[in-house]
Amino acid sequence: QVQLVESGGGSVQAGGSLRLSCVASGRTFSHYAMAWLRQAPGKEEEFVATINWSGGLTNYADSVKGRFTISRDNAKSTVYLQMKELKPEDTAVYYCATPSTNGVYYSPESYRYWGQGTQVTVSS
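Residues numbered from 1 in each chain as written. Predicted model: local features only at pLDDT ≥ 70, side-chain atom pairs only at ≥ 80, totals over all residues. Heavy atoms only, no water.

Further remarks concern the environment of lysine 65. Along the chain, the position of lysine 65 falls in the loop between strand E6 (58-60) and strand E7 (68-73). The spatial distance from the C-alpha of lysine 65 to the C-alpha of alanine 14 is 17 Å, given a sequence separation of 51 residues. In this structure the side chain of lysine 65 is engaged in a polar contact, spanning 3.1 Å, whose partner is the side chain of aspartate 62. (Helix = DSSP H or I, 4+ residues; strand = E, 2+ residues; numbered from the N terminus. Polar contact = N/O pair within 3.5 Å; in protein donor to acceptor, adjacent residues only side chain to side chain.)

For the coordinates displayed, the defined rule picks out 1 disulfide. Here cysteine 22 is linked by a disulfide to cysteine 96, with a sulfur-sulfur distance of 1.9 Å. Residue cysteine 22 is located in strand E3 (residues 18-25), and its partner cysteine 96 is located in strand E9 (residues 92-98); the two are separated by 74 residues in the primary sequence. Side by side, cysteine 22 and cysteine 96 carry an identical accessibility label, which is buried. (Disulfide = S-S within 2.5 Å. Buried < 20%, exposed > 50% of the residue type's maximum accessible area, 1.4 Å probe, protein only.)

Residues of E7 alternate between two faces, with Phe68, Ile70 and Arg72 buried on one and Thr69, Ser71 and Asp73 left unburied on the opposite face. As judged from the 6 bridges shared by E7 and strand E8 (residues 78-83), these two strands associate in the antiparallel manner. Bridging across to E8, isoleucine 70 finds its partner in leucine 81. Counting the residues between successive antiparallel strands, the hairpin from E7 to E8 contains 4 residues, one of them, serine 77, with a positive phi of roughly 50°. (Pairing = 2+ DSSP bridges.)

Once that is clear, we can look at the side chain of threonine 78. Following the sequence through the fold, threonine 78 ends up in strand E8. The exposure class assigned to threonine 78 is buried, which follows from its relative accessible area of 6%. Separated by 2.8 Å, the side chain of threonine 78 and the backbone oxygen of lysine 76 make a polar contact. The contacts of threonine 78, once residues within four sequence positions are left out, are Ser21, Cys22, Val23, Phe29, Ser71, Arg72 and Asp73. (Contact = heavy atoms within 4.5 Å.)

Structure (structure tokens):
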């Protein structure tokens, strides 16, 4: 059973920074891509960033490109999301997720396993 546990959310003012972490268990972490997705109040889930199994390939939503950085530590089975220059529109519940098969995906529907989410609130 794959389990994902996020941490690091909180409340910050616009322009601030946060780093989210997600620890995975239940299968060989280094074999699979990981992603961060988010859901803002009243909106559908949206893709934020993804990283392939080795960490050598990353992709970002246009809305976060240049401000967010996804990374992973396979020895610790952990994926991170460093967020800088946060904006009020970044306010959302952030989820880490991983697919059931090896591949890089951009649609929330492609992700089989999700964490419980961590709240990020950015005030203006």
